[in-house]
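Inside the fold
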Amino acid sequence: MSTLETKLGVQIHNYNNEEDVLTEDEVLGRDFDWDQLARGYLSLDELNHLKKYDKIKGNSFSEKKSLFDKDGKTYCLIFMNLLTRFQKEDCLQYILTLIDQVLKNDPEKALLFYKLKDVERDVGIPDLPFGPLFSLLSRKNDWYIVSKTCTILATFLIEFPTVSQANIENTINAFIDQLKKQTDREKTVAVRALQTLLRKDKYRVLFARAGGLQMLIKLTKYTSPQTDSPEEQTNFQLLYQVLFCLWSLSFNKEVKSQMTSPELITNLSDILKNVDIVKVNRLSIAVLRSIVDLEKNTEVMIGCYLHKTLEHMKNRKWGDEDVESDISILMEKLELKYQDLSSFDVYKSELLSKKLDWTPSHKSERFWRDNCAKFEEDDFFAIRSLKDILACLLYTSPSPRDRQKSRM
């Protein structure tokens, strides 16, 4: 675990008001008639094992651990069989929570699930241990089931000594599909699992190659809390987790080389200007520090006036030498680049960032007279960029009629 990761902590703080509809304690506190529910699915010996395990209620794993230490392979097989057989949501939620509880308290127990791949399966049981979990991802209306399933899949990929390419691809594609969902709650399901998965370097590459990097970049967009639509307001819990994933991805050289999107830099700059949450700021700065030397990233940062934002932030009492060092290094690199840029280069950096500012130099007749020919350079890059920015403004700005209605 890196220094920054240690300082950020493994617990994710909830910065928004959204609460889980269902808690683990509620699920684990349920009572079931296993004689009625599981008879026909389990042998008498397996049924007795399950009933003994089920008697230990609550979220504490210490008492269950002795049972699992003794008969872990049996319990793994029981849990997977029931995930395949059960249809009722409350039963599936309970079994998934039992599995997640084991893996959270002792990740090495995942090896017992790994060994199920060699177990002779009953008719109708899919390939173990991945088959039952992939089937549960289709239960799109149950957030809890999909969330637990994604978490368990990520742990399996991290802890298993080998995983087939098909199972890796199916898992990563499932997470990316989840990122495309409409609600923050659904997206959070994938991002939580990715925080685990992206600790392993080879999965960083595969995730980026599958298009996951671009999906995460889109989720860094900051929206003012003053927006009329609550659904469009920035979810800081989700934003923090997305930034954590991007920071993890930046440790891989191949993936980092792809982090040259002006959209990413613009979004991170907006976050630093508008968000006053220390953990979110730390990660934003860490990502920017990691990618500052790539291609035209420095120019885009200048176009976003990141150097001015950092000038204000450097005086804050961070209590963290790493953050202070990252800010100093960023400021130094931006200052060196800024000194090398002509006024037109600065203007081009603004075009790259899509953050034009009507500064005094741009108001002067001399600026336009001296640089008018440069608008033809790079296949009319400046003109094409201006056209795109103006088109976006026209598309997103309210019409005069809408403005008049808003005043009424």
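These numbers were taken from a predicted model, which means no experiment stands behind them. (Residues numbered from 1 in each chain as written. Predicted model: local features only at pLDDT ≥ 70, side-chain atom pairs only at ≥ 80, totals over all residues. Heavy atoms only, no water.)

1. Digging into the overall build of the protein
A tally of regular secondary structure across the protein gives 25 helices and zero strands. The 408 residues of the protein split such that 49% are buried. Taking the contacts inside the protein whose residues are at least 6 apart along the sequence as the reference set, 72% of them involve residues at least 24 apart. When the accessible surface of the protein is split by element, carbon and sulfur atoms take 48% of a total near 21,200 Å². (Helix = DSSP H or I, 4+ residues; strand = E, 2+ residues; numbered from the N terminus. Buried < 20%, exposed > 50% of the residue type's maximum accessible area, 1.4 Å probe, protein only. Contact = heavy atoms within 4.5 Å. Areas by Shrake-Rupley, 256 points an atom, 1.4 Å probe, with all protein chains shown as cover.)

2. Looking at the nonpolar core
In this structure, Phe79, Ile95, Phe113, Phe156 and Leu246 are the most contacted members of the largest nonpolar core, which totals 120 residues. Non-local contacts of Phe113, meaning those with residues more than four positions away in its chain, are made with Phe68, Cys76, Phe79, Met80, Ile99, Leu103, Pro129, Phe156 and Phe160. Formed by five residues, the second largest nonpolar core is a distinct cluster that contains Leu351, Phe381, Ala382 and Ile389. (Core = buried A, V, L, I, M, F, W, Y, C linked by side-chain atoms within 4.5 Å.)

3. Brief notes about the environment of Tyr75
Tracing the sequence through the fold places Tyr75 in helix 5 (residues 62-85). Accessibility expressed as a relative area gives 1% for Tyr75, which makes it buried. For the pair Tyr75 and His49, spaced 26 residues apart in the sequence, the C-alpha separation amounts to 7.6 Å. Not counting chain neighbours up to four residues away, the residues in contact with Tyr75 comprise His49, Leu50, Tyr53, Leu67 and Phe68.

4. Some thoughts on the packing of aromatic side chains
Throughout the structure, instances matching the rule amount to 18 aromatic pairs. A centroid spacing of 6.1 Å and a plane angle of 15 degrees characterise the contact between Phe68 and Tyr75, whose relative ring orientation is stacked. Tyr75 shares its class with Phe68; the two are buried. (Phe/Tyr/Trp six-rings, centres within 6.5 Å; stacked < 30°, edge-to-face > 60°.)

5. Quick word on the packing of helix 10 (residues 165-179) against helix 12 (residues 201-209)
Two measures define how a pair of helices packs: the angle their axes make with one another and the distance between the axes. Relative orientation of the contacting elements helix 10 and helix 12 amounts to 60 degrees, with a least axis distance of 10 Å. Between helix 10 and helix 12, the crossing angle belongs to the class labelled oblique. As helix 10 packs across helix 12, the resulting crossing turns out to be right-handed. From helix 10, Gln165, Ile168, Ile172, Ile176 and Leu179 reach across to helix 12, where they touch Lys202, Tyr203, Leu206 and Phe207. (Axes fitted to C-alpha atoms, helices over the stretch in contact; angles between N-to-C directions. Parallel < 35°, antiparallel > 145°, perpendicular 65-115°, else oblique. Left-handed = near helix turned anticlockwise from the far one by under 90°.)

6. Details of unusual backbone geometry
In this model, Leu128 is joined to Pro129 through a cis peptide bond whose omega is 0 degrees. Residue placement: Pro129 occurs in the loop between helix 7 (110-114) and helix 8 (130-136). Not every positive phi belongs to a glycine, and Glu295 is a case in point at roughly 40 degrees. Mapping Glu295 onto the fold places it in the loop between helix 17 (278-291) and helix 18 (297-303). In this structure, Tyr305 takes a positive phi of about 55 degrees despite not being glycine.

7. Things to note about helix 19 (residues 306-313)
Taken together, the buried positions of helix 19 are Leu306, His307, Thr309, Leu310 and Met313. Taken down its axis, helix 19 places every buried residue within 160 degrees of arc, on the same side. (Arc of directions from axis to C-beta.)

Function-wise, these values are silent; they only describe arrangement.
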